[in-house]
Amino acid sequence: MSVTVAPHGIWKSPITGDSFTARSVTLSQVRVDGPDTYWVEGHPLEGGRGTLLRRRGTGETGEVLPLIDGVRLPDIGTRVHEYGGKAYAVHHGVIVFSDRTDGRVYAYDTSDPRRGVRPLTTLSKVRYGDFWIADVRGLVYAVAEDHSGDGEPVNSIVAIPLDGSAARNDDAIITVFGGTDFAQAPMVSPDGTKLAWISWDHPNMPWTRSQLRVASLTFEGTIDREVVLVDRPGVCVYEPRWTLDGDLIHVDDSSSWANLYRTQGFVWHEDEDPNAWTTRLRTRALHPGHRAFSHPHWQLGLHSYDNYDNDYLVCSWVENQIWHIGTVRIDNGMAEEWATGWWPIGNVAAADGRVVFLADSATHTPAIIEVSRGKTKILRPSSEAQVPTALVSTAQMLTWKTSDGEESHGFYYAPVNPDYCAPDGELPPLIVNVHGGPTSATRPGLSVPFQYWTSRGFAVLDVNFRGSTSFGRAYREKLNGQWGVMDVQDCIDGAQYLIDQGYVDPRRIAIRGSSSGGFTALNALASSPIFTAGASFYGIADLAKLAQSAHKFESHYDQLLIGSDDLSEPVWTQRSPINKVKRIHAPLLLLHGSDDPVVPACQAAEMYEALRASGSAVALKLYQGEGHGFRSAVNIKDAWQSELSFYRTVWGIATDAPIHVEIANL
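What this report covers is the structure whose coordinates are included nearby. (Residues numbered from 1 in each chain as written. Predicted model: local features only at pLDDT ≥ 70, side-chain atom pairs only at ≥ 80, totals over all residues. Heavy atoms only, no water.)

Read across the open sheet, the 4 strands follow the order β22-β23-β24-β25; overall the sheet is antiparallel. The sheet terminates laterally at β22 (305-307) and β25 (335-337), the two strands that pair on one side only. The sheet shows a mean angle of 30° between the axes of neighbouring strands, direction not considered. Across 8 bridges, strand β23 (residues 312-319) lies against strand β24 (residues 322-329) in antiparallel orientation. Bridge pairing in β24 links Ser316 to Ile325. (Pairing = 2+ DSSP bridges. Helix = DSSP H or I, 4+ residues; strand = E, 2+ residues; numbered from the N terminus. Axes fitted to C-alpha atoms, helices over the stretch in contact; angles between N-to-C directions.)

Rendered as structure tokens:
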């Protein structure tokens, strides 16, 4: 096979916008119910509709829910905290779910399909999610977020009757717990007598300080006696889950790492007071060490571990930037890693010796994986457009010294395309990618978006700046008070490191990011001439305006990151990219959804107008009907084509590809 000599950036690739849309879905919320496996698929070609699928133990796979009212397809999703998450539960064939279209909760019994989908709640301004079915009580516990008042929405734990009585009368819904700003993760014990859940209050986020609560339940399903099991300054709690024998497992970071803990003493003994358990609880570390067994609660329903049987948990954990899966003994905490060839993404479920989890690898995009009787197989890939092995650029783990003498981390992806090579001496352009959050992390699994760039001759650096998760609490907390400074510097230093190593062309360095990553990218463009192009996807331009319009979940988050709760202090102005337009000289592409509830579209519009007025090269695309992230296949494809054309245009890379974006002042 002949190899074509061509400049980096114009190599032809089979990875196109259709690779993200026509032949791909998003996979989430993997659960098991006996021999059956359930999950939610997001379909770009259907506007991102969430579809609930089931794979039977006999191997048949299909959409499980019928039409609602016989006229429309369900859209599985919830807008609790705006970021959603766990929007359904299944138990013994009964499915309870939130429909994103109307916000109602519905039930469907797979063993009695003629009854169809039944509403469990009224049409209202209350959002529901994080369901736990307690069929013995005839209830489903859930997180409720009431938006009917004039002030902040009110969050609580509620119990919704499974008989449908609350579909006619809101008063039939039982308020189980309230009085804190947030509550989530309701979990009923195996014997049905106790409820565990998590709560937290402003100004905290669930990963800065949160409480683990346990209470006995009355016959009606309300709380009797309550114990706060974990509540310490600076300690967060994740994923309470009962063992099959009635102990309570949770994850907290009191050791500075998200480790597993086991609490014993809940089991009731005959002839004793029903609340005697409150006096004998004992909690101990199950598997201490520099491993993270969970990650921040941006969405409802984290499920990083599950009961394998009475003696073992099956767990996923991250160590040295790589995710692992294996078992942990419940009695002594001994861990044993499984060699599956897959990296779990943090969604693990098990039943009857069968383990199902969402995972990726260096050569595979996310897929639903099953491990049963020692054998591993793919139940559902996220894409039919798998990247050819010869075209895969695998992640290279990097660590570099920062300007202030500390360390930052990331993954480097070199250009790879077996049909092309660059002219002698030509170095590839670099795209620095900034993850969102910023309390989040990037991972080394196969990313089709990165292969989109590397197969065309671009290099990519995916940065885990200080403030990212998976490196322990100390690394995450470094960004507190330094947002817009430390993250920016880590991206600059990472790009400079690759230049110094002779990997990339110093004249063609771009930075891109979405949401908070867009904020970092904008600040980086204003802070260093090392970047000669940039792209911001629904990024933050004005911190003070964001704080004034922030939804409840994030209403104090930026104050922690900025280090001030006084909007009149200069730091809010100093860190906002909108006030640095005269320092941005590199061409910039802005892409934003018109209906974004998290970062309003006016932020991108104001940034565009300010840069255009200052004479800087800038382009703006607003996608009608899109929110915080793009769901429509048409818009996803257009965004990728526009970004590629933008870089090629501003860097003068010869190409016959059409221009998808108009650039002012170029």
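Further notes follow.
Its location among the elements puts Val228 in strand β17 (residues 223-230). C-alpha of Val228 to C-alpha of Trp197: the two residues are 31 residues apart in sequence and 9.9 Å apart in space. Not counting residues up to four positions away in its chain, the partners in contact with Val228 are Gln211, Leu212 and Arg213. (Contact = heavy atoms within 4.5 Å.)

Taking 1.5 Å per residue, 12 residues should reach 16 Å; helix α4 (residues 516-527) reaches 16 Å between its end C-alpha atoms and fits that length. Within α4, 11 of the 12 residues are buried, leaving the element largely enclosed by the surrounding structure. Of all the residues in α4, the buried ones are Ser516, Gly517, Gly518, Phe519, Thr520, Ala521, Leu522, Asn523, Ala524, Leu525 and Ala526. (Expected span 1.5 Å × (residues − 1). Buried < 20%, exposed > 50% of the residue type's maximum accessible area, 1.4 Å probe, protein only.)

Our next topic: the environment of Ser468. Within the secondary structure, Ser468 is located in the loop between β34 (459-464) and α2 (473-477). In the structure, Ser468 is positioned 10 residues away from Lys478 in sequence and 9.1 Å away in space, judged by C-alpha atoms. Look past the residues within four positions of Ser468 in its chain and what remains in contact with it is His435, Pro438, Ser440, Tyr475 and Arg476. Polar side-chain contacts of Ser468 include one of 2.8 Å to the side chain of His435. Of note is the side chain of Ser468, whose polar atom sits 2.7 Å from the backbone oxygen of Phe465. (Polar contact = N/O pair within 3.5 Å; in protein donor to acceptor, adjacent residues only side chain to side chain.)

Here we take up the state of the cysteines. Enumeration according to the criterion identifies 0 disulfides in this entry. Cys315 provides the cysteine sulfur closest to Cys236, a residue in no disulfide bond, and the two sulfurs are 17 Å apart. On the basis of relative accessibility, which here comes to 1%, the residue Cys236 falls in the buried class. (Disulfide = S-S within 2.5 Å.)

Looking now at the pattern of salt bridges. Under the defined criterion, the tally for this structure stands at 34 salt bridges. As a salt-bridge pair, Glu145 and Arg127 come within 3.7 Å of each other at their nearest N and O atoms. Linking Glu145 in strand β11 (residues 139-146) with Arg127 in strand β10 (residues 126-134), this pair joins segments that are 18 residues apart in sequence. The same class applies to Glu145 and to Arg127, which are both buried. Of the charged contacts in the structure, one is a salt bridge between Arg329 and Asp331, with a shortest N-O distance of 2.6 Å. Classification of Asp331 by relative accessible area gives partly exposed; the value is 41%. Salt bridges sharing common partners tie together Asp404, Glu406, Arg466, Lys478 and Asp490. (Salt bridge = Lys/Arg side-chain N within 4 Å of Asp/Glu carboxyl O.)

A word on the pairing of strand β3 (residues 36-43). Across a regular strand the side chains alternate sides, sitting on one face of the sheet and then on the other. Here β3 lies mainly inside the structure; 8 of its 8 residues are buried. Hairpin remark: strand β2 (residues 26-33) followed by β3, antiparallel, with 2 residues in the connecting loop; positive phi at Gly34, about 65°. Examined bridge by bridge, β3 and strand β4 (residues 49-55) share 7 bridges and lie antiparallel to one another. Looking at β4, one finds that Thr37 is bridged to Arg55. A loop of 5 residues connects β3 with β4, the two strands running antiparallel in sequence, and Gly47 in this loop sits at a positive phi of about 70°.

Further remarks concern the nonpolar core. Membership of the largest hydrophobic core comes to 90 residues, with the highest contact counts inside it found for Leu260, Leu430, Val432, Ile511, Phe531 and Met607. For this core, the element with the highest residue contribution is helix α3 (residues 486-500), accounting for 7 residues. Those residues in contact with Val432 that sit more than four places away from it in its chain are Leu461, Val463, Cys491, Ala495, Ile509, Ala510, Ile511, Arg512 and Phe531. Core analysis: the next-biggest nonpolar cluster, separate from the first, contains 36 residues, Phe411, Trp453, Leu589 and Trp651 among them. (Core = buried A, V, L, I, M, F, W, Y, C linked by side-chain atoms within 4.5 Å.)

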